[in-house]
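Close look at the chain arrangement
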Amino acid sequence: MLDCKTQLVKSLNTILPTYYELFCDSSTPKPCITYIESQNNTVANGDTLGYSTVGYTIKLWGTDLAILMPYTDEIDTTMRGLGYTRTAYNELTFNGNYELIFTYQGLGLENFNN
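First, a word on what this report is: a plain description of the structure on this page. (Residues numbered from 1 in each chain as written. Predicted model: local features only at pLDDT ≥ 70, side-chain atom pairs only at ≥ 80, totals over all residues. Heavy atoms only, no water.)

Describing the pattern of salt bridges
In total, this model carries 6 salt bridges according to the counting rule given. For Lys 59, the salt bridge identified is with Glu 99, shortest N-O distance 3.1 Å. Taken together, the residues span a long stretch of sequence, with Lys 59 in strand β3 (residues 49-62) and Glu 99 in strand β5 (residues 97-111) at a distance of 40 residues. You can call Lys 59 buried: its relative accessible area is 15%. (Salt bridge = Lys/Arg side-chain N within 4 Å of Asp/Glu carboxyl O. Helix = DSSP H or I, 4+ residues; strand = E, 2+ residues; numbered from the N terminus. Buried < 20%, exposed > 50% of the residue type's maximum accessible area, 1.4 Å probe, protein only.)

Some thoughts on the nonpolar core
Formed by 20 residues in total, the largest nonpolar core has its most connected members in Leu 12, Ile 33, Tyr 56, Ile 58, Leu 60, Ile 75 and Met 79. Listing elements by their share of this core, those giving two or more residues are α1 (5-12), β2 (32-45), β3, α2 (65-81) and β5. Broken down by element, this core gets its largest block of residues, 4 residues, from β3. Not counting chain neighbours up to four residues away, the residues in contact with Ile 33 comprise Leu 12, Ile 15, Leu 16, Pro 17, Thr 18, Tyr 19, Ile 58, Lys 59, Leu 60 and Ile 75. (Core = buried A, V, L, I, M, F, W, Y, C linked by side-chain atoms within 4.5 Å. Contact = heavy atoms within 4.5 Å.)

Focus on the side chain of Thr 28
You can see Thr 28 is positioned in the loop between β1 (18-20) and β2. In terms of polar contacts, Thr 28 uses its side chain to reach the backbone amide nitrogen of Asp 25, at 3.0 Å. For Thr 28, the contacting residues outside a window of four places in its chain are Tyr 19 and Phe 23. (Polar contact = N/O pair within 3.5 Å; in protein donor to acceptor, adjacent residues only side chain to side chain.)

So, the environment of Thr 87
Mapping Thr 87 onto the fold places it in strand β4 (residues 85-94). Between the C-alpha atoms of Thr 87 and Gly 55, which are 32 residues apart in sequence, the distance is 9.4 Å. Setting aside its immediate chain neighbours within four residues, Thr 87 contacts Thr 103, Tyr 104 and Gln 105.

Structure (structure tokens):
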């Protein structure tokens, strides 16, 4: 199974503090980014190499949409630089909080000799 979380968090942390989605709650300082892996499946396997499709849901959280919008381009650029393609985008709001939701997918190479 391909694990890209360390690289993902390191890159997103350059934009805003980044947290694992399941550990984020109302006490988490905002604006912030959360992530959760939504897909990690084998596409092709050989004896020494394989390919996996890896997907992440990235959320941008905050209380002011005008402040959040510039971060959307930064997130997109960062994820593209890591080899991911945005497959969906959505927006939610509740009690004055905004949640901008990005879905990304990428293809990763696995080396089974390591």
